[in-house]
Amino acid sequence: MATEGQVITCKAAVAWEPNKPLVIEDVQVAPPQAGEVRVKILFTALCHTDAYTWSGKDPEGLFPCILGHEAAGIVESVGEGVTEVQPGDHVIPCYQAECRECKFCKSGKTNLCGKVRLATGVGVMLNDRKSRFSINGKPIYHFMGTSTFSQYTVVHDVSVAKVDPLAPLDKVCLLGCGVPTGLGAVWNTAKVEPGSIVAIFGLGTVGLAVAEGAKAAGASRIIGIDIDSKKFDTAKNFGVTEFINPKDHEKPIQQVIVDLTDGGVDYSFECIGNVSVMRAALECCHKGWGTSVIVGVAASGQEISTRPFQLVTGRVWKGTAFGGFKSRSQVPWLVDKYMKKEIKVDEYITHNLTLADINKAFDLMHDGKQRNSDFIQNARIS
Ligand SMILES: NC(=O)C1=CN([C@@H]2O[C@H](COP(=O)(O)OP(=O)(O)OC[C@H]3O[C@@H](n4cnc5c(N)ncnc54)[C@H](O)[C@@H]3O)[C@@H](O)[C@H]2O)C=CC1
Ligand SMILES: N[C@@H](CCC(=O)N[C@@H](CSC=O)C(=O)NCC(=O)O)C(=O)O
Ligand SMILES: [Zn+2]
Ligand SMILES: [Zn+2]
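Owing to the predicted nature of the structure, the values given are computational and were not obtained by experimental measurement.

**What to know about the nonpolar core**
Alright, step 1. In terms of nonpolar packing, the biggest core is built from 83 residues, with Leu22, Phe149, Leu175, Phe269 and Phe362 touching the most fellow members.
Alright, step 2. Of all hydrophobic cores here, the second largest spans 15 residues; its members include Ile223, Val256, Val277 and Cys284.

**Quick look at the sheet that holds strand 14 (residues 291-294)**
Alright, step 1. Taken together, six strands build an open sheet; the order of strands is 12-11-10-13-14-15 and the sheet is parallel. The sheet is open, and its two edges are formed by strand 12 (242-244) and strand 15 (316-319), each paired on a single side. Along the sheet, successive strands turn relative to each other by an average axial angle of 20°, direction set aside.
Alright, step 2. Pairing of strand 10 (residues 197-201) with strand 11 (residues 221-225) involves five bridges; the strand directions are parallel. Bridge pairing links Val198 to Ile222 in strand 11.
Alright, step 3. Where helix 6 (residues 205-216) meets the sheet, it contacts strand 10, strand 11 and strand 13 (267-270), and its direction lies at approximately 170° from that of strand 10.
Alright, step 4. Helix 8 (residues 253-260) contacts strand 10, strand 11 and strand 12 of the sheet and is inclined by roughly 150° relative to strand 12.

**Topic: the coordination of the zinc ion (ligand 4)**
Alright, step 1. Donor atoms from the polypeptide that coordinate the zinc ion (ligand 4) comprise Cys99 (SG), Cys102 (SG), Cys105 (SG) and Cys113 (SG), at 2.3 to 2.4 Å from the metal.
Alright, step 2. Coordination at the zinc ion (ligand 4) is tetrahedral: its four donor atoms span angles of 106 to 116° at the metal.
Alright, step 3. For the zinc ion (ligand 4), all donor residues lie on one chain, and their spacing in sequence is C-x2-C-x2-C-x7-C. Each member of the pair, Cys105 as well as Cys113, is classed as buried.

**Some remarks on the UniProt feature "domain: Alcohol dehydrogenase-like C-terminal" (unreviewed entry) in the protein chain**
Alright, step 1. Mapped onto this numbering, the UniProt entry gives "domain: Alcohol dehydrogenase-like C-terminal" (unreviewed entry) at residues 206-334.
Alright, step 2. With 36% helix and 16% strand, residues 206-334 has its two end C-alpha atoms placed 16 Å apart.

**Quick word on the sheet that holds strand 1 (residues 8-14)**
Alright, step 1. Strand order in the open sheet formed by four strands is 1-2-6-7, and the pairing between neighbours is antiparallel. On the outer flanks of this sheet lie strand 1 and strand 7 (138-140), each paired with one strand and no other. The mean inter-strand angle of the sheet, taken between neighbouring strand axes irrespective of direction, is 50°.
Alright, step 2. Alignment of strand 6 (residues 133-135) against strand 7, held across three bridges, turns out to be antiparallel. Looking at strand 7, one finds that Phe133 is bridged to Ile140.

**Section: the UniProt feature "domain: Alcohol dehydrogenase-like N-terminal" (unreviewed entry) in the protein chain**
Alright, step 1. The positions UniProt marks with the feature "domain: Alcohol dehydrogenase-like N-terminal" (unreviewed entry) are residues 34-163.
Alright, step 2. The span residues 34-163 is 12% helical and 28% strand by assignment, and the distance between its end C-alpha atoms comes to 22 Å.

Cut-off values and rules
As a convention, each chain's residues are numbered from 1 in the sequence order in which they are written. Written order decides the labels, with chains lettered from A and ligands numbered from 1. This being a predicted model, a pLDDT of at least 70 is required before a residue's local features are given, and a value of 80 or more before pairs of side-chain atoms are given or counted; all residues contribute to the totals for chains, interfaces and linings. With hydrogens and water set aside, each side-chain value is computed from the structure's full complement of heavy atoms. Think of a nonpolar core as a cluster: buried Ala, Val, Leu, Ile, Met, Phe, Trp, Tyr and Cys residues, connected wherever their side-chain atoms sit within 4.5 Å. Categorising residues by exposure relies on relative accessible area from a 1.4 Å probe, with only protein chains included: less than 20% of the type maximum marks a residue as buried, more than 50% marks it as exposed, and the intermediate range marks it as partly exposed. The rule for pairing is simple: two strands pair if DSSP sees at least two bridges between them. Runs of H or I in DSSP of at least four residues are treated as helices and runs of E of at least two as strands, each being numbered from the N terminus. To obtain each axis, a line is fitted to C-alpha atoms, and for helices this fit is confined to the stretch in contact; angles are then taken between N-to-C directions over 0 to 180 degrees. In what follows, a contact means two residues having at least one pair of non-hydrogen atoms within 4.5 Å. Listed donors are limited to N, O and S atoms within 2.8 Å of the metal, widened to 3.2 Å for Na, K and Ca; water is not among them, so incomplete-looking sites are possible. Square planar and octahedral assignments, for four and six donors respectively, both demand that opposite donors be over 155 degrees apart and that all other angles lie between 65 and 115; tetrahedral needs four donors with all angles between 85 and 135 degrees, and anything else is irregular. UniProt positions are given in the numbering used here, feature names are shortened, and annotations may be inferred rather than shown by experiment.

Okay, structure coming up:
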């Protein structure tokens, strides 16, 4: 049955309140307006940023909302003026937009885009500042401009990347966030050179992707730091050459690393979202040139600190969003790299579940971190 121009009723996982289980609801998804695309989501993965917003610690978190931002699907219909995708195209929604026209996009200095960010930050679409999701007339907020925990979603046309139709969507959905973030942190933000010594704090999906990127960049030593020693076995497969558990040491972890590396590492990456670890990551860098990249998302109200002398003496503190990748231009390139077996994706997937089991998927993600049980990276939902 043709659905173009019609309201679609479908299943979605709704976060009614912070920290309360997601509820599978029948949600009405309005047709796309000008500059919008309605996508049938076939697969979505979880990211810790979904859990962060769901926890209530995200100042941009609005409820009720539909979370999810790491997914793949097929265009169902497009609104007026949309030229770059059409119904049937295989796409990856991109929480980081790319309009190619705004001050940010034209700067050549950043992958951030200003076109829709103010609207996506408050859970609405740019065109009429309203949501396309509702339940019996009650609006449900969008999240990160993607809301992929729904069988259908509406995104801005600047927030959707058209990808190779032969690419398996059940795998490349992971290229919507964590894997590109880690790879790009190394390749675009830090620009790690061959022979570099790299330290990675946190060996979740993002940290593993940093390791994969660092190995590809020719790093000579890749030091993984995690409070869960079980992460090391898997991390080795992604390129980590040495492992440190801070719990095994009495000295501050930055001192342990400085001692092990003749003065510090060339590059470090914080992939946790812990502001104390961000400081350690900066301070384990080599005097004169060491660069530390903040990747983790810290909760509202948290602040970073260090002695300014750390920067005066040449260390550089940076951050990265989506690994510095320009989304619409470079996500298709990443998909092609995966198709040519130049980057891993399948290896990051640990579980496959259905949308009905989405709370279980989050439980698995939290169990992996908190109870140190199974090694859980990504539960993919279909
Ligand atoms: N900047 C960006 O564009 C993006 C940022 N993120 C953020 O990156 C962070 C990492 O994401 P995931 O890899 O999915 O998380 P994750 O929770 O799977 O991995 C974090 C790892 O850090 C370890 N850890 C926790 N506390 C530690 C400590 N004090 N010292 C050493 N290790 C510690 C945990 O055992 C776990 O292995 C999150 O904050 C997420 O929100 C995620 C995607 C994009
Ligand atoms: N809403 C949060 C900030 C969240 C954040 O930093 N998001 C990252 C992506 S995390 C993906 O999993 C990001 O790219 N930020 C740039 C952006 O434009 O959002 C808060 O307000 O603290
Ligand atoms: Zn994410
Ligand atoms: Zn732009």
